[in-house]
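Structural features, examined
Here are the chains, one letter per residue:
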Amino acid sequence: MKGVIMAGGFGTRMRPLTCNIPKPMIPVMNVPVMEHIVKLLKKHEITDIVSILYYQPEIIRNYFQDGSKFGVSMTYVLASENYDTAGSVKNSQKYLKDESFIIISGDILTDFDLNAAIKFHQDRKALATITLTRVTNPLAFGIVIIDERGKVVRFLEKPSWGEVFSDTINTGIYILQPEIFEYIPKEKEYDFSKDLFPSILAKEMELYGYVAKGYWKDIGDLEEYRQVHYDIFKGKVAVDILGKRQNYIGKEVWIDENCQASDSVEYIDGVVVGKNCKIGKNIKLQNVILGNGCIVEDNTKIINSIIWNEVKIGRSVELRENVIGKNTQILDGAYLQEKALVSDECLIGKHSSLKDNVKIWPYKVVEDGAVLLTSLIWGERWSKNLFGKYGVVGLANVEITPEFASKLGASYGATFTKGSSIITSRDHHKACRMINRALMSGVLSTGVNVRDLGAIPLPVARYQIGITGEQGGLHVRRSPHAPNQLEISFFDSKGLDIPVKKEKAITQLFFREDFRRADIGDTGNLSFPYRTMEYYKEGFFDKIDKNLISQSDFKIVVDYGFGGASTVSPSIFGSFECEVLAINSHLDVNKINEVYTKTNAMLQQLSNIVVTLKADVGFMLDSEAERIFIVDDKGRILADSFALVLISSLLAQTYPESNVAVPVNITRTIEKLVKKVKRTKTAPRAMMEEKDIVMVGNGTGGFIFPQFQPTFDAMYTAVKVLELMAKSGLKLSELVNNIPPFFIAYEKVPCPWEKKGEIMREMIEFTKNENVELIDGIKVYHKEDWVLLIPDADRPFFHVYAESDSMEKAKALAYNYIDKIKTKL
C-alpha cells in the first residue's frame, strides 16, 4: 500500500500565515502539520509516499528531502497546472499504477486507524473507499450516505441545511485501486468529490464508505488552526509532542532541549516550549505553544496563543488568543487583543495595541504607541498618529481606503455639534473623488451638513470656508511628494490647518470608534455651492491693483502644469491688459503625473519660452496652485529658497517698511535685505497663524499674503509679484544680480523614535554655552554661521541644516553635529 499526500493547496483561508509557506508546512505543536501525516502513515507501515505539490513546492521538498529522516521514502510530483484533486493524482499515475494506494491531505490532523480502513476496503473488494466521520455541523463538507454494508448510495457536496440527510461526511482520505485511473481524464481539472465519485456511483461500481473512529480536523481556516492546538492539550487527539514532559500535576507541559526558564514562570493548563527558548521572570503561560528559539522577557502574560519560531516578546506584553509568525518582534508593553494575528517578520512597537481580529501581513511595522483597528495588509507600517505634517497621508486604496475614509469622516464630524456645516473638496483625480465621497458619508452620518465644492484648487476651497460661515472643511488630493499617496487636509473655520488639539480629538475618536451616529431624521444634508469661483475672484481683485498691472504692459508666460489652477487662473490673468502665453493650460489628471517626474524639464521649457519671447517673467504653478516656480526675464530658473529671498527683496524695495516671516531654516541673507524679519517654525500651520505680517514664505515655493487669505496661494503670489514689479519698476533679473550668494548644507540623519528625546536633551546640554535659539529644534549660532537640528515629526530621523560663506564650510559644520548625533545612537 502506497501513500499519497495532497500538498498543493494555496491555503487562501489561512492567510496571512500562508503568505510565505504552503499550508501543509504551518506548524502544529512546533512541527509542520504534514509531518504529523507522514508519521501517521509510517505508524501504519505505509512508508512509500508520493507527495503532490503545486504552491511553493521547494519549501516542502527542502524540509522532507528523500524522507529518510522520517523513516519513509518520499517521491515528489510537481503539478504543472492546477488539475484539482483527482486530476493531480492522475498526473502521478506512473508512481501508483502497480498497487493500491491511500490518499490523505497534508493539511489535516487525524489519529484514525488507517489499517482498519484499509482492511475494510480489501474485504469489500472495493474500487474506491471513502473514509468518513461524523460531525455536528456537516454544512462545510460533503455528505455521504451508505447502506448497512458501507456501500455508498448517495453523495452531496457541501449541502444546505435543507439537504442535510446525514451527519456522515467525507474526510478526504481515500483508498483506491490503480484501476481508478481509467475513470480520470488526463490533464483536466477533475475533483474526487464533485466529479469522480458521482460518476462511478452512477455506474454502480464498487464505491464504499468506511466510518472511522477517532479525531479528524480539517485545518481549513484560522479558527480551526487555533482549535486543533486546544484539542491536543485536551487529549482529544494523539500526536507526538517534541520535548520532555514535565512533572507538573494536573498540567500538560513539555519543554524541549537547551531551554532557560525562570523558576517564577507560571504554567497553566497546557504549554509546549520549543528548543533554545529563553523565558524570563514572572511570566504567565496558559495554553501556549512557543516555537524554537523564542525569547519571552519579564512580566509578560500569554494566554491561548501559538508562537512560531524565533519570536522575541518584550517586557510586560500581553497576548490573548493570538498567532504570531516567525521572526517577529513584539516590543515592551504591547497588547494584542483576542484573535489578533501577526504574520512573519513584523515589528510591533512599544505600548502599541492590536484590536480584536486584526491581521497583520508579513514584514509590517506597527509604530510605538499605535492603536491598530483594521488589518494591515499592503501598506508598510501603521503609525500611532493619524496626522502628520501634511494631514492624513497614506497609500491610495491601500492605507487610505473607502472604509478608512468613512470612519475618519465620522471622527471629524463628531467634533462638531449636530447641524453644523463643513466644506469638502478635492483635486481632479478619480481616487480622490472616491475617498472624498467616503469622507462625506462619514461626516453626514454624524448629523453634520456637507457643502461639497467638488474638484477645485486648494486655495479656492480654503477661501470659501471663511466666506460662507462653515465651521470647518477638508480637502483630498494626490500627494505632490509621492504620486501613489493621497493627502487629506482638515481646516478650521478660517480655512487654516486645524490645530494639534483638534487633530488629537479626531485621532482619539477614530481609534476608540465611539463617534456618534445621527438618527435617521438628523442625518446631515448634502449640498453643492455654485458661486465658489465668483467669491474667490471678487476677494482676489479687491486686494490687487488691477489697473497698475494692466498699465505695465507685461509679457508673461504661465505654465499651469495640467493642474487645477487652469480652471481658475486664466480668467484672472486675462483680466489684465497684458500679453499672456499659457502652456499646459488644460486639465489632464494623467499628465499631472509627468509634472512630478519631469519638473526640471518643464521648467527648462518655460525658461526657453521666456527667453525666446523676451517675456518679463515666467511662472509655473503646481497641480493644487499652492506652490510657485519662477523664471526671471533672463530665463534663469530661481531655486525655491532663492525665490523667497528675491521676492522678499522686491517687497522691501517696493514697500521699505514691510515685514516678512520665514522659517528658521531659511538663509540669514534675508535679514540683510529686509528690515523686519520674523522667524517661524517650519510647520505649515505655524506659518499660517502669523499675524500682522505682509508676506510669509516657506522656502519651498509657498507664499502667504495674509491681507488676502492666510494660506498658501500660488495664483495670488504670481499676480502679487506682477504688482510689485509694476509698482517698483524693477525687473527680476536686476534683483537677482544684487542678491549675494548664500550656502546652506542639508542632511537627513536616521534616528530611532525612542532616541529623539534623548538626543535633543544631549544637544541642549552640549550647546548650553553657545548662542542658541529654540523656535523650532535647536539652532546654534557660530558668529555669522549657524546650524539647525530639527527632529522630524512624522519619520524617524533628524533634519540638519547649516549655513556658512561656502558650501564646504557649511557641510563641515553640519557634519560636526551629525557626528555628535550618531555617537548617541
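Below, the structure is looked at part by part. For clarity, every value in this text was computed on a predicted model and none was experimentally measured. (Residues numbered from 1 in each chain as written. Predicted model: local features only at pLDDT ≥ 70, side-chain atom pairs only at ≥ 80, totals over all residues. Heavy atoms only, no water.)

This next bit is on the packing of helix 7 (residues 402-413) against helix 10 (residues 500-512). In the contact formed by helix 7 and helix 10, the axes pass within 8 Å of each other and the chain directions differ by 125 degrees. Compared by their axis directions, helix 7 and helix 10 come out oblique. Note on packing geometry: the crossing formed by helix 7 with helix 10 is right-handed. Note on element contacts: helix 10 touches helix 7 through K502, I506, L509 and F510, opposite F404, K407, L408, S411 and Y412. Tallied by class, residues from the contact of helix 7 with helix 10 come to six nonpolar, one polar and two charged. (Axes fitted to C-alpha atoms, helices over the stretch in contact; angles between N-to-C directions. Helix = DSSP H or I, 4+ residues; strand = E, 2+ residues; numbered from the N terminus. Parallel < 35°, antiparallel > 145°, perpendicular 65-115°, else oblique. Left-handed = near helix turned anticlockwise from the far one by under 90°. Contact = heavy atoms within 4.5 Å. Nonpolar A, V, L, I, M, F, W, Y, C, P; charged D, E, K, R; others polar.)

For the rest of this paragraph, the subject is the packing of aromatic side chains. Following the criterion strictly, the structure yields 26 aromatic pairs and no others. Note on F120 and Y208: the rings are 6.3 Å apart at their centroids and 75 degrees apart in plane angle, and the pair reads as edge-to-face. Of this pair, F120 sits in helix 4 (residues 114-124) while Y208 sits in strand 12 (residues 207-211), and the two are 88 residues apart along the sequence. Among the residues examined, Y208 registers a relative accessible area of 2% and is labelled buried. With centroids separated by 5.6 Å and ring planes inclined at 75 degrees, the aromatic side chains of F540 and F708 adopt a geometry described as edge-to-face. Separated by 168 residues along the polypeptide, F540 in helix 11 (residues 532-542) and F708 in the loop between strand 48 (703-704) and helix 19 (714-728) bring together distant segments of the chain. (Phe/Tyr/Trp six-rings, centres within 6.5 Å; stacked < 30°, edge-to-face > 60°. Buried < 20%, exposed > 50% of the residue type's maximum accessible area, 1.4 Å probe, protein only.)

According to the stated counting rule, one finds 36 salt bridges in the structure shown. D107 is paired through a salt bridge with K23; the nearest N and O atoms lie 3.4 Å apart. Of this pair, D107 sits in the loop between strand 6 (101-105) and strand 7 (108-110) while K23 sits in the loop between strand 1 (2-7) and strand 2 (27-28); the two residues are 84 residues apart in sequence, bridging distant segments of the chain. Ionic pairing is found between R685 and E689, a salt bridge with its closest N-O pair at 2.6 Å. With relative accessibility at 18%, the residue R685 sits in the buried group. Taking relative accessible area as the criterion, E689 reaches 39% and is therefore assigned partly exposed. (Salt bridge = Lys/Arg side-chain N within 4 Å of Asp/Glu carboxyl O.)

Another aspect to go through is the sheet that holds strand 50 (residues 771-773). Paired through their backbone hydrogen bonds, the strands of a sheet run either parallel or antiparallel. The five strands lie next to each other as 49-53-52-51-50, forming an open sheet whose pairing is antiparallel. Lying at the two open borders of the sheet, with one neighbouring strand each, are strand 49 (743-750) and strand 50. In this sheet, adjacent strand axes meet at a mean angle of 20 degrees when their direction is disregarded. On the sheet, helix 21 (residues 753-766) packs against strand 51 (778-782), strand 52 (785-791) and strand 53 (797-804) and is oriented at approximately 30 degrees with respect to strand 53. The strands that helix 22 (residues 807-823) touches are strand 49, strand 51, strand 52 and strand 53; relative to strand 49, the one it contacts most, it runs at about 20 degrees. (Pairing = 2+ DSSP bridges.)

Before going further, it helps to spend a moment on the side chain of T171. Structurally, T171 can be placed in strand 11 (residues 168-176). Overall, T171 belongs to the buried group, its relative accessible area being 4%. For T171, the side chain forms a polar contact with the main-chain oxygen of T131, separated by 2.7 Å. Apart from residues no more than four positions distant in its own chain, T171 is found in contact with F112, T131, L132, T133 and W216. (Polar contact = N/O pair within 3.5 Å; in protein donor to acceptor, adjacent residues only side chain to side chain.)

As a further point, take helix 16 (residues 640-654). In an α-helix, one turn spans 3.6 residues; hence positions three or four apart end up facing the same way. The end-to-end C-alpha separation of helix 16 is 21 Å, in line with the 21 Å expected for 15 residues at 1.5 Å each. In terms of residue burial, helix 16 counts as a mostly covered element, since 13 of its 15 residues are buried. (Expected span 1.5 Å × (residues − 1).)

Turning our attention to the sheet that holds strand 44 (residues 637-638). Taken in spatial order, the five strands of this open sheet run 41-40-42-43-44, and their pairing is mixed. Two strands close off the open sheet at either side, each with one partner strand: strand 41 (579-583) and strand 44. Packing against the sheet, helix 19 makes contact with strand 40 (555-559), strand 42 (617-621) and strand 43 (628-631), and its axis sits at approximately 170 degrees to strand 42.

Judged by nonpolar contacts, the single largest core of 65 residues is most densely connected at Y536, F540, F619, I630, L646 and M715. In terms of residues, this core owes the most to one element, helix 19, which gives ten residues. Excluding anything up to four places from it in sequence, M715 contacts P457, P459, V460, Y536, F540, A565, V568, S569, L621 and A625. One finds I5, I26, I46 and M74 within the second-largest nonpolar core, a separate group that totals 60 residues. (Core = buried A, V, L, I, M, F, W, Y, C linked by side-chain atoms within 4.5 Å.)

This next bit is on the environment of I693. Mapping I693 onto the fold places it in the loop between helix 18 (684-688) and strand 47 (695-697). Taking relative accessible area as the criterion, I693 reaches 10% and is therefore assigned buried. Separated by 578 residues in sequence, I693 and N115 have C-alpha atoms that sit 91 Å apart. Excluding residues within four positions of it along the chain, I693 makes contact with N659, V660, A661, K678 and P706.

The next point concerns unusual backbone geometry. Omega for the peptide link from R15 to P16 comes to 10 degrees, which places this bond in the cis form. Position of P16 among the secondary structure elements: in the loop between strand 1 and strand 2. The residue Y363 is not glycine, and still its phi comes out positive at about 65 degrees. Relative to the helices and strands, Y363 resides in the loop between strand 30 (359-360) and strand 31 (365-366).

Here we take up the side chain of K756. As for its position among the elements, K756 is in helix 21. Buried and without a salt bridge, K756 has D792 as its closest oppositely charged side chain, separated by 5.2 Å. (Lys, Arg positive; Asp, Glu negative; His and termini not counted.)

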